Amino acid sequence: MDEDGFLEINDDHNHNYCEDRGSSYYSNSRSHLSRDTLCFPPVGGVVAEPAENVKTSFVTESSYFESESSSQSGQCDSSGASASSAGRLILNSPSKFLMNAMTAEDYRTTYWPKLERAIDHLLTQSPMDHISISYEQIYSHVYKCVCQQHSELLYNDLIQKIASHLQQVSSELKGSPPESFIEKFNLVLTQYTAALQCIVPVFIYMNKFYIETKLNRDLRDDLMKLFSHHVAEKHVETLIPLLNKADAVPFQVRPSTMASVVKGLYALRPDWAPLAPALFSRFIPQIQPPTLESQLPHYAALDRKLQIELSLNGFCRGDQSRKRTSEES
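Since the model is a prediction, treat every value here as computed from it, not as a measurement. Every chain's residues receive numbers from 1 upward, in the order its sequence appears when written. Two thresholds apply to this predicted model, a pLDDT of at least 70 for residue-level local features and 80 or more for giving and counting side-chain atom pairs, whereas whole-chain, interface and lining totals are computed over all residues. Heavy atoms throughout the structure, all of them, feed into the side-chain values; hydrogens and water do not.

## Topic: the environment of Lys225
Phase 1 of the analysis: Looking at the element boundaries, Lys225 is found in helix H8 (residues 219-248).
Phase 2 of the analysis: Remark: exposure states derive from per-residue accessible area (1.4 Å probe, protein chains only) relative to the maximum for the residue type, with buried under 20%, exposed over 50%, and partly exposed in between. Judged by relative accessible area, which is 56%, Lys225 ranks as exposed.
Phase 3 of the analysis: Note: C-alpha distance between Lys225 and Leu268 (43 residues apart in sequence) is 7.3 Å. Strands are runs of DSSP state E lasting at least two residues, helices are runs of H or I lasting at least four, and both sets are numbered from the N terminus onward.

## Concerning the environment of Ala195
Phase 1 of the analysis: Inspection of the secondary structure puts Ala195 in helix H6 (residues 181-202).
Phase 2 of the analysis: Judged by its relative accessible area of 1%, Ala195 is buried.
Phase 3 of the analysis: C-alpha separation for the pair Ala195 and Gln125, spaced 70 residues apart in sequence, amounts to 8.0 Å.
Phase 4 of the analysis: In what follows, residue pairs with any heavy atoms lying within 4.5 Å of each other are defined as contacts. Ala195 has contacts with Leu122 and Leu123, leaving out every residue within four places of it along the chain.

## Considerations on the packing of H8 against helix H9 (residues 255-268)
Phase 1 of the analysis: Each axis is a line fitted through C-alpha atoms, taken for helices only over the stretch in contact, and angles between the N-to-C directions span 0 to 180 degrees. For the pair H8 and H9, interaxial distance at closest approach is 10 Å and the crossing angle is 135°. With respect to their mutual orientation, H8 and H9 come out oblique. With respect to the hand of their crossing, H8 and H9 are arranged in left-handed fashion. On the side of H8, the interface is formed by Met224, Phe227, Ser228, Ala232, Leu239, Ile240, Leu243, Ala246 and Asp247, while H9 contributes Met258, Val261, Val262, Leu265 and Leu268.
Phase 2 of the analysis: Under the convention adopted here, Pro, Cys and the residues Ala, Val, Leu, Ile, Met, Phe, Trp and Tyr are nonpolar, Asp, Glu, Lys and Arg are charged, and Gly plus all remaining residues are polar. Taken together, the residues that form the contact of H8 with H9 break down as 12 nonpolar, one polar and one charged. Roughly parallel refers to an angle under 35 degrees, roughly antiparallel to one over 145, roughly perpendicular to one between 65 and 115, and oblique to any angle outside these ranges. Here a crossing is called left-handed whenever its near helix is offset anticlockwise from the far helix by less than a right angle, and right-handed whenever the offset is clockwise.

## Side note on the confidence of the model for the protein chain
Phase 1 of the analysis: pLDDT measures how confident the predictor is about each residue, on a scale from 0 to 100. For the protein chain, mean pLDDT is 76; residues scoring 70 or higher make up 66% of the total.
Phase 2 of the analysis: Between residues 1-11, whose pLDDT stays under 50, and residues either more than four places distant or in other chains, the model counts 26 contacts.
Phase 3 of the analysis: pLDDT under 50 marks residues 13-99. Its contacts with residues more than four places away, or in other chains, come to 119 contacts.

## Things to note about H8
Phase 1 of the analysis: The span one expects for a helix is its residue count, reduced by one, times 1.5 Å. Look at H8: only 38 Å from first C-alpha to last across 30 residues, short of the 44 Å you get at 1.5 Å a residue.
Phase 2 of the analysis: Put simply, Asp218 is the residue that caps the front of H8, since its side-chain oxygen is 3.1 Å from the backbone nitrogen of Arg220. As used in this structure description, the phrase polar contact means that two N or O atoms lie within 3.5 Å; if the pair is within protein, one of them must be able to donate a hydrogen and the other to accept it, and residues adjacent in sequence are counted only when both atoms belong to side chains.

## Looking at the side chain of Asp157
Phase 1 of the analysis: Inspection of the secondary structure assignment puts Asp157 in helix H5 (residues 151-174).
Phase 2 of the analysis: Taking relative accessible area as the criterion, Asp157 reaches 9% and is therefore assigned buried.
Phase 3 of the analysis: At 2.7 Å, the side chain of Asp157 and the side chain of Arg108 are in polar contact.
Phase 4 of the analysis: If we ignore the near neighbours within four places in the chain, the residues touching Asp157 are Tyr107, Arg108 and Trp112.

## Thoughts on the pattern of salt bridges
Pairs can form between side chains of opposite charge whenever their charged atoms are close.
Phase 1 of the analysis: Any Lys or Arg side-chain nitrogen located within 4 Å of an Asp or Glu carboxyl oxygen qualifies as a salt bridge. Taken as a whole, this structure holds eight salt bridges when the rule is applied.
Phase 2 of the analysis: In this structure, Arg269 and Glu233 form a salt bridge, with 3.0 Å as the shortest nitrogen-oxygen distance. Remark: Glu233 occurs in helix H8 and Arg269 occurs in the loop between H9 and helix H10 (277-283); sequence separation between them is 36 residues.
Phase 3 of the analysis: For Glu233, a relative accessible area of 36% gives the class partly exposed.
Phase 4 of the analysis: With a shortest N-O distance of 2.9 Å, Asp271 and Arg269 are connected by a salt bridge.
Phase 5 of the analysis: On the basis of relative accessible area, Arg269 is assigned to the partly exposed category, the value being 25%.
Phase 6 of the analysis: Ionic contacts of the salt-bridge type, sharing partners, join the residues Glu116, Asp120 and Lys161 into one network.

Here it is in structure tokens:
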């Protein structure tokens, strides 16, 4: 915005400024004009007269604005005024915005290395640790890359970077002993989801103007699918039996860890629930089919069997003297 008026510049959704011939306008009000005499370039071969009271002014690429004046106080040099007026008014010239153009080499040598280092820190930090990272700088780099038409390159580099990291994580997880496999998987899953809470927001500009617009997808969904493909799918056949075994022995694995892993697996792939329906139903509500009326006697029999087993194992039911006698007894 100029100090002497307002300038409307047309741009696309990536903020790449483009010309719209005949549509850009420059409006100047009387209160913003200086008291000094203004000089304007010749229009139609006639030197324009100085203006103090300008009603409405328009400008395009082919013409400068004309003014109505209530007083005449002399003429100005047309050549000097033309240069100054053109520099001040025509701001939608492509040359002004191409001065800071980013080449593919600039992206590779300057911008992506900084983004890559930040992504490394976010992916490897512990959920309880804090690493000082300038999120404003990361967002600024992403914004510039998208505006300079490097969205596809940036997206591919991000996916390749995270996929490479997950492949390494999967290899390390494969060497974990069975007794600590569940804990290790939970740590990997928690660390990755915590990293996405930082990565997705700083890449939100790319997500909005490239992934959602051109790919019709969402960045977070794509990154979670990467974890499912490179880590979870490769270890689910090992993980499910270990979860069933740990569920049969109380407190062999902490309940919070069991809940985190089971809910994480269900969030990645809901179709994994039939692999262990009893296990998943303990932590995921309403995944079992609804109970039918014809099944009520069966559930009642299971409940009576459980009570008998508890009584035989020494669990006391307490004082039953004040309980109403059952009609069946």
